[in-house]
Amino acid sequence: MLFLSFGILAQSDPTGKSPATRTYAITNATIVQAPGKVIEGATIIFNNGLISSVGANTNIPDNAEVIDGTDLFIYPGFIDGMSYTGADRPEQMKRPDGLFTPNPPNDYAGITPELQVTQQLKIDEKSIDDLRKAGFTISHSVPYGRMLPGSGSIITLKDATHPDDLILTENVSMYTQFVGAPGAYPGNTLGIMAKWRDLYRNAEFSKQHTEMYASNPTGMDRPTRDRTLEAFYPVVSKQKPVFYNASSSLEARRAMRLQKELGFSLVLGNLKEGWDLSSAIKESNAKVFLSLDLPKEPKDSKDKKKTDEVKQLEERRMEFYKKYLTQFSTMEKAGIKFGISTMETTGSKIKDNFLTLIENGLSEDALLASLTINAAQLLGIDNIAGTLESGKLANAVITNGPVFDKKSQIKYVFVDGDRYEYDLKEKKEANGSKANATGLNTVVGTWEYTVESPQGVQTGTMTITNEDGELAGTLSGMQGGPDSDLNNLTFLDGSLSFDFSFDGGGQSIEIVVVGTVTDNEFDAEASIAVFNVSFPFTATKDEAK
């Protein structure tokens, strides 16, 4: 029987890709169990997806794969408080023929709280891998949609064979936002708020009627099933919080006003303009996940003859920028426990954004807490995640230096005990020696590019220059508009990356491009985080120019 059992286990992975062991011992490392709780020269043991022990004197199991942790730092895996991680954006419903705009169908109005993000999850969705590379191991994922897209779930960011394998806890939140139906009610913010009140009040009556009928149905009309209202029942009973995508200060205040009127448990997610909201947040007892999507630093006009009006405009832009960046430290000082939302944030910018927040007053311990223990507590999973303690999930990010050090890199990420290893790249200064400047000249020149976007194939010209070891560039032909400046232009070890923005119908759309240069060919991928889409970007260098 023993041999039979062993044979069954051996055949359980037909792909042959499972590791030889799921027991790991990382020795002689600096282990940061939680912000401010550090053990030097210690060992941590992961066994079958859980942390089995942490400490300086730990017995290592015979079947463990031992990893030398000398010079390595181990932290709890990061937790994303709200994003579309792993979700595949569905096609928007087309406008029905003969639409009665004052009362459109719920699915067209985006009122589908009975749906769940699990119906949109894809195991190969790019955001899972992108977030994991940045140190994240868990994400509260919400569905795409309009006013009431559906319920969010907490997922682990691991490789899986089925979407169910990703789910840690499902149906944990009601996700909502101030996004109306085009050309129909509720199409604006005030209409959305009115509709929200109606749905909530009707759900209260429906729930009460259903419970009374279940208790004593004699002489009572049988309740009519309404899946939309039933989805509100756990919200009405405060068993399930409402996660409001309220990025602006005005949206956050409106969400808190609804919460005060109706009494549900509120979480402000993806909050971008919260610097004046500390008192209101405390009064409402709302939970908060601040957006990691930081604005670009405004640049002053180089016009030496600029008017006083232009100067004042530039000062206001810089004031707004500073408020945006310092709101994290402002909330820390106000004693507000907050987490981080990566919604609309590209993975390549996450580390730089961490450093920017620290440069603008946020303490490293507070930032780490927002990514770990605070996020776990706000999501209600601190019994299994958020710190490195025995019995909790084997989720960890392991770096070759302090995690918020500018030069440190991620060496390993463990998710549910599964190991992901990353190559450590030699850091080079972008603007240094003559040799480096010569290397930069590999990409200097004029490139003819082709973009295979969802809107069709587009072509144009990309020009890159090298000014005293600093790359600069422009892109022409995108959407038929004016030239776009290339920002964060970097070329290291054959990898070229940059980002640029263009006007998409009144909204600034940012595209991040990352790829490899081989001879005169650039093969890359362009990503639009706000739409969660990626597409090919290729270019050929014109040697004649």
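Residues numbered from 1 in each chain as written. Predicted model: local features only at pLDDT ≥ 70, side-chain atom pairs only at ≥ 80, totals over all residues. Heavy atoms only, no water.

Looking only at helices and strands, one finds 13 helices and 25 strands in the chain. Taken over C-alpha atoms, the radius of gyration comes to 26 Å for the chain, in line with the 24 Å a tight globule of 545 residues would show. For the chain, the spread of C-alpha atoms along the principal axes amounts to about 90 × 75 × 50 Å. Looking at the chain as a whole, 48% of its 545 residues are labelled buried. (Helix = DSSP H or I, 4+ residues; strand = E, 2+ residues; numbered from the N terminus. Rg over C-alpha atoms; globule rule 2.2 N^0.38 Å. Buried < 20%, exposed > 50% of the residue type's maximum accessible area, 1.4 Å probe, protein only.)

For strand E11 (residues 266–271), the buried fraction is high: six of the six residues fall into the buried class. Of the crossover connections in this fold, the one passing from strand E10 (residues 242–245) over helix H7 (residues 249–262) to the parallel E11 is right-handed. In this structure, E11 lies alongside strand E12 (residues 287–291), joined through four bridges in parallel fashion. Within the sheet, the bridge partner assigned to Leu-271 lies in E12 and is Leu-290. Viewed along the sheet, the connection from E11 through helix H8 (residues 278–284) into E12 turns out right-handed. (Right-handed = clockwise from strand over helix to strand, strands pointing away. Pairing = 2+ DSSP bridges.)

Inspection of the entire model under this criterion finds one cavity of 30 Å³ or more. The space that makes up the largest cavity amounts to roughly 50 Å³. If you go around the largest cavity, the residues you meet are Pro-76, Gly-77, Ile-79, Thr-137, Ile-138, Ala-385, Gly-386, Thr-387, Leu-388, Leu-393 and Asn-395. Of the residues in the lining of the largest cavity, the class split is six nonpolar, five polar and no charged. (1 Å grid on protein atoms, 1.4 Å probe; cavity = no way out; pocket = protein on both sides within 12 Å on 5 of 7 lines; lining within 4 Å. Points joined across faces, edges and corners; volume = space filled by probe spheres on them. Nonpolar A, V, L, I, M, F, W, Y, C, P; charged D, E, K, R; others polar.)

On to the confidence of the model for the chain. Residues at a pLDDT of 70 or more form 90% of the chain, whose mean pLDDT is 88. This stretch, residues 1–16, has a pLDDT under 50; its non-local contacts, to residues over four places away or in other chains, come to one contact. In this model residues 428–438 is a low-confidence stretch, pLDDT under 50, and it forms eleven contacts with partners more than four residues away in sequence or in other chains. (pLDDT = per-residue confidence, 0-100. Contact = heavy atoms within 4.5 Å.)

In this structure, Ser-248 sits in the loop between E10 and H7. Only 3.1 Å separates the side chain of Ser-248 from the backbone nitrogen of Glu-251, close enough to count as a polar contact. In contact with Ser-248, not counting residues within four places along its chain, are Leu-271 and Glu-273. (Polar contact = N/O pair within 3.5 Å; in protein donor to acceptor, adjacent residues only side chain to side chain.)

All right, on to the pattern of salt bridges then. In the structure shown here, the tally under the stated rule is 21 salt bridges. A salt bridge links Glu-204 to Arg-201, with the shortest nitrogen-to-oxygen separation between them at 3.2 Å. Residue Glu-204 and its partner Arg-201 are located together in helix H4 (residues 189–215), separated by three residues, close to a single helical turn. Glu-204 gets classed as partly exposed once you look at its relative accessible area, which sits at 26%. Across the pair Lys-349 and Glu-510 runs a salt bridge whose closest N-O atoms are separated by 2.8 Å. A residue pair is termed long-range when its members are at least 10 positions apart, and Lys-349 in the loop between strand E13 (338–341) and helix H10 (350–359) and Glu-510 in strand E23 (residues 507–518) qualify at 161 residues. Residue Lys-349 is classed as buried on the basis of its relative accessible area, which comes to 17%. (Salt bridge = Lys/Arg side-chain N within 4 Å of Asp/Glu carboxyl O.)

This brings us to a negative patch on the surface. A cluster of like negative charges, contributed by Glu-332, Glu-364, Asp-365 and Asp-405, occupies part of the molecular surface. Looking at the secondary structure, you find Asp-405 in the loop between strand E14 (396–399) and strand E15 (410–415). Take Asp-405: its relative accessible area is 35%, and that puts it in the partly exposed class. (Patch = residues over 30% accessible without salt bridge, like charges linked within 9 Å, V, L, I, M, F, W, Y side chains within 5 Å. Areas by Shrake-Rupley, 256 points an atom, 1.4 Å probe, with all protein chains shown as cover. Lys, Arg positive; Asp, Glu negative; His and termini not counted. Charge placed at Lys NZ, Arg CZ, Asp CG, Glu CD.)

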